[in-house]
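Analysis of the macromolecular model
Spelled out, the chains give:
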Amino acid sequence: MKRVVAVAVLAFVALWPLAHRGLVAVYDVNPWKLAGFAMYTTPTPPVQVVLFERAAGENAEGLAPIDEQTLPPTLRRQLARFRVERHALGALRSPDALGAALLEARRDLEWVVVAVQRMRLDRESARMTSRRDQFVYERSP
Amino acid sequence: MISPGQKISVWIDQGLAVLAEGADGVRRRSQLRAFRRFVLIHASVRSVLWLWFGSAPGSFGIEGGANLVAAGVVALSGVLAFWHRSELLAPRVALPALVWQALATYPVTDNHFVLELLAVALLCLVGKRSRRDETLVLSSLRWLTVIVLFHTGLSKLLYGHYFQGDFLAFMVGQGGRFADLFGLLLPAGEVARLQGYDALRTGAGPYRVDSLPLLLMSNFVWISEMALAVLLVVRRTRLLAAACAMLLVLVIQLGARELGFALLFVNLLLLFTTDGNRRVLPFVVAIYLYSLAAVFGWLPGGDWLQAGWL
C-alpha cells in the first residue's frame, strides 16, 4: 500500500505538468500556478478587468466604464478575487457570478459588460500581445 | 508466465531501486531524520510568516482563525520532529494542516508549497524502524527531486522563451531583482530600452537583445536543469550532478531571491549525498531563525527576506 501511494505521488508529479501544459494551451491557465512546475517560463502580467455599464435605451456604442469605487464593498472584494482567480485559472474561471452580482448590486442597469484582457509575450516577435474577452450580462425580464 | 501487472510492478521496483542505492540503513535513517526536521521547520517558518503577514500571497481563504490553528499545528509538528519518540508522528500531524493551507490558497498556491506538501506526504509513509519504508521514502524523495528538476527545464523548452533570451530580457525590463542580476549581462542602453516598455501595452517590445552572454545564460539554464536531472539518476555522476544542481539553484536564486524555495530544493538535492542533510541542518535552522528575526524587524535584511519568502 505504501509503495502504491509513493508511486501515485511520483506519477502525479511526472504526468500532471504535461496535462497542465494542455490546460495552458486550451484554457489560458497561468503556467506559474496549479502545480505545473512551469514557473519562470513565460511572463504572466496581471489580467485587466474592466466593468462597463450600458444604461437602458442606449445603443451598443454607449458603453462606459463603471467606477469601481461606487460599488458595494462586498462586490469590490468579489471583483478583486475574480482578478486573482482569473489570472491563475484563465478561462476556467468564468465571470458569470461577478456579472450576476453586479446586476444585483446595480439595479438601475439593464446591461453590464465584464471585459477581461490578458497579456502574453509572443514567441515570434518578442512583443506583448493581448487577448480581450467580453462577457455581456443582461437583466432577465 | 508473468502478467502485465506483474511486469509493471517489477519495473516500478527496479525504478525505485535505482535511486535507493548509495546509503546504508543507518545513514538512510539519519538522512531522513534530518530532512524531516528540515522540511517541518521550513513549513513552520512559512506558516508563521503567512500568519504574521495576514495571508499567503494573493490568496483570500487563508486569513482568520483557521490560519492560526494551521500554523500552530505545523509548528507543533516541527517540534515533534526533534524528539525521537515522536519524529515519525510529526509529518502525519503536519499533513492535514498543509492540505488545508493548499486548499485555502487555491488557485494561487505556489509550486514551491506543493513541493513541500508532497515531500511531507512521502515522509508520512515511514513506519517505525522499517528499513523497507525508509528505502522507499528516500528513493521517492530523490525521484521527486529529479522529476521536478527535469520538468522545470522541459517547461522552459516547451514555452520557447529561453532560446533567444526573451524571458530574461522581459524580466530585466521589469526592473527589480532579476534586473539586478541579468542586467549585468547587458549594455546599459539595452537595459534602459527594455525598462522603457510598458508590458501592459499591446505591441510593447521587442523583448529581445543582441547579447551573447545573456543568450548563453538563458539556454544554459534549461539545458542544465534537464541534463542535471538525468545525471542525478546515474550513480557515477550523482554526487557531481547534485553539487552542480545546488550551485545552479543558488545562482538562479540570486535573481529570483526565493529563499524558502532555494533552501527546500537544496535540501532535496542533499538527499543524494550520504550525510549532507544532517551536516547542514544547524546552518539551515540558523538561517530560518535569522529570517524570522529579520522579517519581524529585530535584525537587518527584513525587506529582502520578506520578498524572498512571500
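Small disclaimer: the values here were computed from a predicted structure and weren't measured.

Describing the overall build of chain A
Along its length, chain A carries 3 helices and 4 strands. Ordered by position in the sequence, the α and β elements of chain A form the string α-β-β-α-α-β-β. Against the compact-globule benchmark of 14 Å for 141 residues, chain A has a radius of gyration of 19 Å, which places it well outside the compact range. Its C-alpha atoms give chain A principal-axis dimensions of about 65 × 45 × 25 Å. Residue burial in chain A is summarised as follows: out of 141 residues, 43% are buried. Residue pairs in contact within chain A that sit at least 24 positions apart in sequence constitute 49% of those at least 6 positions apart. About 7000 Å² of surface is accessible on chain A, with carbon and sulfur atoms providing 56% of the total. Averaging the positions of the 20 positive and the 15 negative side-chain charges in chain A gives two centres separated by 12 Å.

Describing unusual backbone geometry
The residue after Tyr106(B), namely Pro107(B), is reached through a cis peptide bond having omega 5°. Residue position: Pro107(B) is located in the loop between helix H4 (89-105) and helix H5 (111-123). Cis rather than trans, the peptide bond between Gly205(B) and Pro206(B) has omega equal to 10°. Along the chain, Pro206(B) falls in the loop between helix H9 (188-195) and helix H10 (212-233). Its identity as a non-glycine residue notwithstanding, Asp28(A) has a phi of 65°, on the positive side. Checked against the element boundaries, Asp28(A) lands in the loop between helix H1 (2-27) and strand S1 (48-54). Given a relative accessible area of 12%, Asp28(A) falls into the buried group.

Quick look at the pairing of S1(A)
Residues and elements named next belong to chain A. As judged from the 7 bridges shared by S1 and strand S3 (residues 111-121), these two strands associate in the antiparallel manner. If you follow Val50 over to S3, its bridge partner there is Ala115. Of the strand pairs in this sheet, S1 and strand S2 (residues 64-65) are connected by 2 bridges, and their pairing is antiparallel. Bridging from a neighbouring strand, Phe52 pairs with Pro65 of S2.

Regarding the sheet that holds S3(A)
Whenever strands of a sheet pair, they do so through backbone hydrogen bonds, lying parallel or antiparallel. The strand order S2-S1-S3-S4 (chain A) describes an open sheet built from 4 strands, whose pairing is antiparallel. The open sheet has two edge strands, S2 and strand S4 (128-138) of chain A, and neither has a second partner.

Thoughts on H1(A)
Over its 26 residues, H1(A) runs 35 Å from end to end, which matches the ideal 38 Å to within 8%, given 1.5 Å per residue. Its maximal kink placed at Trp16(A), H1(A) deviates by approximately 30°, while the proline Pro17(A) follows within four residues. Looking at the buried positions of H1(A), the neighbouring elements they touch are helix H1 (4-18), H5 and helix H6 (131-159) of chain B. Taken from the residues just after H1(A), Asp28(A) is the one with a positive phi, measuring 65°.

Criteria and cut-off values
- Residues numbered from 1 in each chain as written.
- Chains lettered and ligands numbered in written order.
- Predicted model: local features only at pLDDT ≥ 70, side-chain atom pairs only at ≥ 80, totals over all residues.
- Heavy atoms only, no water.
- Helix = DSSP H or I, 4+ residues; strand = E, 2+ residues; numbered from the N terminus.
- Rg over C-alpha atoms; globule rule 2.2 N^0.38 Å.
- Buried < 20%, exposed > 50% of the residue type's maximum accessible area, 1.4 Å probe, protein only.
- Contact = heavy atoms within 4.5 Å.
- Areas by Shrake-Rupley, 256 points an atom, 1.4 Å probe, with all protein chains shown as cover.
- Lys, Arg positive; Asp, Glu negative; His and termini not counted.
- Charge placed at Lys NZ, Arg CZ, Asp CG, Glu CD.
- Pairing = 2+ DSSP bridges.
- Expected span 1.5 Å × (residues − 1).
- Bend = angle between axes of the 7 residues up to and from the residue.

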